[in-house]
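An overview of the molecular structure
Each chain is listed here by its residues.
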Amino acid sequence: MKHLLSASDLTRDDAVSLLDTAAELASVTDRAVKKLPTLRGRTVANLFFEDSTRTRLSFEAAAKRLSADVITFTAKGSSVSKGETLKDTALTLEAMGAQVIVLRHHASGAAQRLAQSGWIEASVINAGDGTHEHPTQALLDAYTLRQHLREGAGDLEGLSVVIVGDILHSRVARSNVALLTTLGARVTLVAPPTLVPVGVQTWPCEVSFDLDEALVGADAVMMLRVQTERMTAAYFPSVHEYSRRYGLDSARAARMPDHAVVLHPGPMNRGMEITAEVADGPRALIVDQVANGVSVRMAVLYHVLSSQEGAP
Amino acid sequence: MSGLANEPAVDRAGEREIVLRDIRLMGDRQAVDIRFADGRIAAIGATAVAEADPQAQILDVAGRIGLPGLVDLHTHLREPGREDAETIETGCQAAALGGYTAVHAMANTQPVADTAGVVEQVWRRGREVGLCDVIPVGAVTIGLSGERLAELAAMAESAARVRVFSDDGICVSDPLLMRRALEYVKAFDGVIAQHAQEPRLTVEAQMNEGALSGELGLTGWPAVAEEAIIARDVLLAEHVRSRLHVCHLSTRGSVEVVRWAKARGIDVTAEVTPHHLMLTEELARSYDPLYKVNPPLRTVDDVHAVREGLADGTIDIVATDHAPHAHEDKDCEWGAGAFGMLGLQTAIGVVAATMVEPGHLTWADVAQRMSVVPARIGRVEGQGRPLAVGEPANMVIIDPDAPWLVSADQMASRSQNTPFVEHTLPASVWATFLRGRPTVLSGALV
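Since we're looking at a predicted model, the values are computed, not measured.

1. A word on the overall build of chain A
Looking only at helices and strands, chain A features eleven helices and nine strands. Its C-alpha atoms give chain A a radius of gyration of 19 Å, near enough to 20 Å, the size a compact globule of 312 residues would have. C-alpha extents for chain A along the principal axes are approximately 55 × 45 × 35 Å. Looking at chain A residue by residue over its 312 residues, the buried ones come to 58%. Partitioning the intrachain contacts of chain A with sequence separation of at least 6 by distance along the chain shows that 75% fall at a separation of at least 24. Entry remark: accessible area of chain A is about 12,400 Å², with carbon and sulfur atoms responsible for 50%. Of the side chains in chain A, 30 bear a positive and 35 a negative charge, and the two mean positions are spaced by 5 Å.

2. Focus on the packing of helix α2 (residues 53–65) of chain A against helix α11 (residues 286–306) of chain A
Geometrically, a packed helix pair is captured by the angle between its two axes and the distance between the axes. Residue and element names in this part refer to chain A. Contact pair α2 / α11: the axes reach a minimum separation of 8 Å and the direction vectors enclose 55 degrees. In terms of orientation, α2 lies oblique with respect to α11. Considering how the two elements wind past one another, α2 and α11 form a crossing that is right-handed. Contacts between α2 and α11 involve R54, T55, S58, F59, A61, A62, A63 and R65 on the former and, on the latter, V290, G293, V294, R297, M298 and L301. Broken down by class, the residue content of the contact of α2 with α11 amounts to eight nonpolar, three polar and three charged.

3. Structural notes on the sheet that holds strand β8 (residues 133–136) of chain B
Residues and elements named next belong to chain B. Overall, parallel pairing links the three strands, which are arranged β6-β7-β8 in an open sheet. Both edges of this open sheet fall to β6 (70–75) and β8, since each of them pairs with a single strand only. With strand direction ignored, the average angle separating the axes of adjacent strands in the sheet is 20 degrees. Sheet topology places strand β7 (residues 100–105) next to β8; four bridges connect them, and they run parallel. The residue bridging A105 from the neighbouring strand is P136, located in β8. Against the sheet, helix α3 (residues 116–129) touches β7 and β8, its axis set at about 175 degrees to β8.

4. A word on the nonpolar core
With 90 residues, the main nonpolar core has L145(A) and L301(A) as its most contacted residues. Taken domain by domain, this core gets at least three of its residues from each of domain 1 (7–134 + 290–306) and domain 2 (135–288) of chain A. Beyond its immediate stretch of four places on either side in the chain, L145(A) contacts R150(A), L156(A), L159(A), V161(A), L180(A), A220(A), V261(A) and L263(A). One finds L70(B), V129(B), I230(B) and V429(B) within the second-largest nonpolar core, a separate group that totals 85 residues.

5. A closer look at unusual backbone geometry
Between G266(A) and the following residue, P267(A), the backbone shows a cis peptide bond with an omega angle of -10 degrees. In this fold, P267(A) is placed in the loop between β9 (261–263) and α10 (276–279). Omega for the bond connecting E79(B) with P80(B) falls within 30 degrees of zero, at 5 degrees, which places this linkage in the cis form. Here P80(B) shows up in the loop between β6 and α2 (88–97). We note that R78(B) has phi near 65 degrees; this positive angle belongs to a residue other than glycine. Take R78(B): it is sitting in the loop between β6 and α2. Residue class for R78(B) comes out buried when judged on its relative accessible area of 12%.

6. Focus: the pattern of salt bridges
Residues and elements named next belong to chain B. Throughout the structure, instances matching the rule amount to 37 salt bridges over all chains. A salt bridge links E282 to R285, with the nearest nitrogen and oxygen atoms 2.7 Å apart. Looking at R285, the relative accessible area reads 35%, which means it is partly exposed. Among the ionic pairs, E391 bridges to R385, the shortest N-O distance being 2.9 Å. Note on E391: relative accessible area 14%, which makes it buried.

7. Quick look at the domain arrangement of chain A
Residues and elements named next belong to chain A. Assigned domains of chain A: these are domain 1 (7–134 + 290–306) and domain 2 (135–288). At the interface, 34 residues of domain 1 touch 32 residues of domain 2. Approximately 2,600 Å² of surface area, both sides summed, lies buried where domain 1 meets domain 2, with 58% of it carried by carbon and sulfur atoms. At the junction of domain 1 and domain 2, the tally comes to four salt bridges. Elements supplying a minimum of two residues to the side of domain 1 that touches domain 2: α1 (12–29), α2, β3 (100–105), β4 (123–129) and α11. The residue inventory of the side of domain 1 that touches domain 2, partitioned by class, reads 15 nonpolar, eleven polar and eight charged.

8. Comments concerning the interface of chain A and chain B
Facing the 19 residues of chain A at the interface are 19 residues of chain B. Taken over both partners, the interface formed by chain A and chain B buries close to 1,300 Å², and the fraction arising from carbon and sulfur atoms is 50%. Looking at the side of chain A facing chain B, the largest losses of area belong to S108(A), R113(A) and V198(A), adding up to 39% of the total buried there. Applying the counting criterion to the chain A and chain B interface returns two salt bridges. Broken down by secondary-structure element, the contributors of at least two residues to the side of chain A that touches chain B are α3 (86–95) and α4 (110–116) of chain A. Among the elements that line the side of chain A that touches chain B, the one with the most residues is α4(A), at four residues. Tallied by class, the residues present in the side of chain A that touches chain B amount to seven nonpolar, nine polar and three charged.

9. Re helix α7 (residues 223–240) of chain B
All names here are of chain B. An ideal rise of 1.5 Å per residue puts 26 Å on 18 residues; α7 measures up with 26 Å between its terminal C-alpha atoms. All of the buried residues along α7 are A225, E226, E227, I229, I230, R232, D233, V234, L236, A237 and V240. Against α5 (175–184), β10 (191–194), β12 (220–221), β13 (244–246), α8 (252–263) and β14 (268–272) lie the buried residues of α7. Once α7 ends, the next one or two residues include R241, with phi positive near 50 degrees.

10. Section: the side chain of S123(A)
Residue and element names in this part refer to chain A. Mapped onto the elements of the fold, S123 is located in strand β4. Among the polar contacts listed, one links the side chain of S123 to the side chain of Q308, at a separation of 2.7 Å. If we ignore the near neighbours within four places in the chain, the residues touching S123 are K2, H3, Q99, V100, I101, V304 and Q308.

Reading the values: rules and limits
Residues numbered from 1 in each chain as written. Chains lettered and ligands numbered in written order. Predicted model: local features only at pLDDT ≥ 70, side-chain atom pairs only at ≥ 80, totals over all residues. Heavy atoms only, no water. Helix = DSSP H or I, 4+ residues; strand = E, 2+ residues; numbered from the N terminus. Rg over C-alpha atoms; globule rule 2.2 N^0.38 Å. Buried < 20%, exposed > 50% of the residue type's maximum accessible area, 1.4 Å probe, protein only. Contact = heavy atoms within 4.5 Å. Areas by Shrake-Rupley, 256 points an atom, 1.4 Å probe, with all protein chains shown as cover. Lys, Arg positive; Asp, Glu negative; His and termini not counted. Charge placed at Lys NZ, Arg CZ, Asp CG, Glu CD. Axes fitted to C-alpha atoms, helices over the stretch in contact; angles between N-to-C directions. Parallel < 35°, antiparallel > 145°, perpendicular 65-115°, else oblique. Left-handed = near helix turned anticlockwise from the far one by under 90°. Nonpolar A, V, L, I, M, F, W, Y, C, P; charged D, E, K, R; others polar. Pairing = 2+ DSSP bridges. Core = buried A, V, L, I, M, F, W, Y, C linked by side-chain atoms within 4.5 Å. Domains from an automatic or database assignment. Salt bridge = Lys/Arg side-chain N within 4 Å of Asp/Glu carboxyl O. Buried area = accessible area lost by both parts, 1.4 Å probe. Expected span 1.5 Å × (residues − 1). Polar contact = N/O pair within 3.5 Å; in protein donor to acceptor, adjacent residues only side chain to side chain.

So this is what it looks like as structure tokens:
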């Protein structure tokens, strides 16, 4: 695996293998010294054109636990905020020795473009590109679902997963639809019709406008963050109406099967798409997702770097 | 005065006559000889050689096809303002190599061509270059801001004789302003060339809206945003009895609206670009902004619809929307890339591939759609004329059996953003004549 650009590039075997590696690496986290020498001498560059503290920190932690050197470029206070282009910034990082560039960018397709343009030789890991994909988020979600509902092994065959919220603008939703269905889960998207992309009928999933109906028999529900800029752009009349129809409160959560779990990629709008009781309640795996994110990103870095020539 | 409106005031005395032997005029099966003298067609047939000046230059055309010089109604020459992307000189070189003898230079320059001063400057520079007639398009509104009408009559009465007005790149979306513009240009037989794009339906739009835009996570540019404006504008044109030209129509629905309007007797004309005749949205999968254009590349079904529309006359003309962009404006991620593609040098090859080879158009039909009718829409004198004795000697000679593999370094433009790289086009331009003088011979600039 030279790059990780899109969850839809992963076969079922690729995905299971990544999750298995993540599970092995997770055991490191339980040790007193949380560090493996695996990527010593390798350099990982985090290139974040968009603010994302949690994803950036997660990749940093993952790289450091594998003993890689880490260079971090973030939008604020760097050449990026002075108008330096993606191409020039990537060339700069490669000149500093980066063998992997972890890219978060506001433009859809930025990671693919960086990987395929011929600008650089380094591997590219997509850490979120515009409204397109966020494959490591999907991997950590799959990992979390597998851990809690499939005893931490194999795929997700037969699971029913409901994804709720701003599907139109969500890279998390796109990557999860691709990856979870590849792993055998059935995915249902729930959103007001204004937040569902045109052409969604061609996606390998169901679409519903009715959350209560979709939750019947669901094994998991994933609540997406509603960005504040959507709240004033006529996608729905008011925050209240959105919360009533598409928010997850304890009454709704109570109607789910006993074993069903709740995920959220964060950061949450408590009281908007999810109430505090549910977010802090027993079904919520939101903190587990964060912990698993580090393990999954360790696995991705390991797979990408070990595919390179001269790999350890 | 010679009577040729755009003829530069130069002394033509002593210029050699040119005899073209064995040329198939308008794609006729029968080849003839033709002679140019003093900027005009002096003879066709046996007398072309028999009565030629002994000093005449004689060229063997070997059965290639002669059409009236092509006329582009939609060209971005970027001068003044973005001479790093294109100049009037390099744009005219590309035009000549593409078989054009006249191009309409769009108004979205810096400064905007919204005054008589700017349009005259562009027109004069075109005459100095002398490779093809450069006919400025005037902006409809001051600074393309869509707020107040520019001084349209002043541009019409200037030396540049502007007849086509457009805010191209931006839609005249205010319905009242559009109505006023349509009415106002009637005084001097002008036409409003509308870039049909409902702005509120296309905020931050990046590509055609459909299943693919949803998959790629690129903001959609829905067909309805084009079709709704065309529908509104044809009804406005009918109401105020003016004429409307629709720029770069790109969807099946747009073809249907224009077809309906024409059946109703509305004075509307429409253009399609070569890239919308050949390419589809699938190219956006690469996220390479080389394929980013406005209006966006559409679906295969839309491509079929615009070909049908061009064949049956619903779409009147092919116009290039030649849009040069500096390297750095395309060598970037999709979202940061500029909209637009080169078109002048490849247009006839693309039309040959998409319309002539499949049998949708004859070469005589191509002459109508790429020379005669665009000249008529632009009210251009001395261009798009019949190939007959006494007419201006503006001509392109096309080799219909000379396939060429397009590469970016063949582009005469200062920019290289052709989307047809790696395409093999079936026909190429062998020669171009502007008022009897060759600008291109054997496929190279003279």
